[in-house]
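# A closer look at the structure
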Amino acid sequence: MTTEERWRHLADDLGRRVDGVPAGRWDDPAPCEGWAARDVVRHLVEWMPALYFPAVDRPVPEIPSVDDDPAGAWRATDAAIRALLADPDLARRPTSTRAGDMPLEDLVAMTGLMDLLVHTWDLARATGQDETLDAEEAAAFLAGIEPWDAALRGSGHYGPRVAVPDDADAQTRLLAFTGRRP
């Protein structure tokens, strides 16, 4: 699948959880320490547009307030990023960020897709929804990040790895790798 197709698939999964948050549950605690469910969405809608749009010389789009409308904020962010990836010239445009020099679609694949996957689980866990993630995506991300354990752990983006049985499925192992307790 292309980055655009993977984005759509993973963003749709997240979008179903966003749209499925029961009334009154946006302030429920999320698995990320100190975060509520709405903070999961806040995280995504704040960093993704701020990285991707300037990287291709586009203004950061106006996004509704997560405090007022977390679902609307996610839908606006998703639509804006989908539009970037659907434009072949923008998707292939070279970027130069702290992540390195690469086309926008590679930047999104490297920095955003796993965030969509893992934060889908965070939101589902926080709000009592289906926590099942795409097994193939989970396995692929796990295989890609395990060799980088020490560097990723040192980045501060992940908590300590959680012990799980050796025969645990890829979703469980990926979540445990990122410091979550599946």
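Structural data are supplied above this passage.
To continue, consider the layout of surface pockets. If a probe the size of a water molecule is rolled over the atoms, the empty space left behind becomes visible. The volume enclosed by the largest pocket comes to roughly 1,300 Å³. In terms of lining residues, the largest pocket is bounded by 37 residues, among which Met-114, Asp-115, Ser-155, His-157 and Tyr-158 are the most central. A per-element tally of the lining of the largest pocket places helix α6 (residues 113-127) first, with six residues. Taken together, the residues that form the lining of the largest pocket break down as 20 nonpolar, 11 polar and six charged.

Given 3.6 residues per helical turn, the α-helix brings residues three or four places apart onto the same face. Here α6 contains 15 residues, and its C-alpha end-to-end distance of 21 Å stays within 8% of the 21 Å for a straight helix at 1.5 Å per residue. Counting buried residues in α6 gives 14 out of 15 residues, a clear majority hidden from the surface. Downstream of α6 by one or two residues, Gly-128 has phi in the positive range, about 70 degrees.

A full pass over the atoms with the stated rule returns two aromatic pairs. Judged by centre distance (5.7 Å) and plane angle (70 degrees), the ring pair of Trp-47 and Tyr-52 falls under edge-to-face. A relative accessible area of 0% means that Tyr-52 is categorised as buried.

Before going further, it helps to spend a moment on the pairing of strand β1 (residues 94-97). As paired strands, β1 and strand β2 (residues 100-103) are joined by four bridges and run antiparallel to one another. Across the sheet, Ser-96 pairs through a bridge with Asp-101, a residue of β2. Linking β1 back to β2 in an antiparallel pair, the connection comprises two residues.

Across the interface, α6 lies against helix α9 (residues 170-177) with an axial gap of 11 Å and an inter-helix angle of 95 degrees. Between α6 and α9, the angle falls in the class roughly perpendicular. For the pair α6 and α9, contact is made by Met-114, Leu-117, Val-118 and Trp-121 and by Gln-171, Leu-174 and Leu-175, respectively. For the contact of α6 with α9, the class distribution of residues is six nonpolar, one polar and no charged.

Conventions and cut-offs
Each chain has its residues counted from 1, following the order in which its sequence is written. At least 70 in pLDDT is required for a residue's local features to be given in this predicted model, at least 80 for side-chain atom pairs to be given and counted, and no such filter applies to totals for whole chains, interfaces and linings, which use all residues. No hydrogens and no water enter the side-chain calculation; it runs on all heavy atoms of the structure. Cavities and pockets were defined on a 1 Å grid built over protein atoms only: a cavity is a set of grid points that admits a 1.4 Å probe from which the probe cannot escape, a pocket is an open set flanked by protein on both sides within 12 Å along at least five of seven lines, and lining residues are those with an atom within 4 Å of any such point. Grid points are joined across faces, edges and corners, and a volume is the space filled by probe spheres set on the points. By definition, any uninterrupted DSSP run of H or I lasting at least four residues is a helix, any uninterrupted run of E lasting at least two residues is a strand, and each is numbered from the N terminus. Following the grouping adopted for this structure description, the nonpolar residues are Ala, Val, Leu, Ile, Met, Phe, Trp, Tyr, Cys and Pro, the charged ones are Asp, Glu, Lys and Arg, and the polar ones are all others, Gly among them. An expected span of 1.5 Å times one less than the residue number is assigned to each helix. A simple rule labels every residue: compare its accessible area, found with a 1.4 Å probe on the protein chains alone, to the largest value its type can have, and call it buried under 20%, exposed over 50%, or partly exposed in between. Aromatic pairs are defined between Phe, Tyr and Trp rings, using the six-membered ring for Trp, whenever the two ring centres lie within 6.5 Å; interplanar angles under 30 degrees are classed as stacked, those over 60 as edge-to-face, and all others as tilted. For two strands to be treated as a pair, DSSP must find no fewer than two bridges joining them. Here an angle of 0 to 180 degrees is reported between the N-to-C directions of two axes, which are lines fitted to C-alpha atoms, with helices fitted over the stretch in contact. Between 65 and 115 degrees an angle is taken as roughly perpendicular, under 35 as roughly parallel, over 145 as roughly antiparallel, and anywhere else as oblique. Note on contacts: a residue pair is in contact if any heavy atoms of the two residues lie within 4.5 Å.

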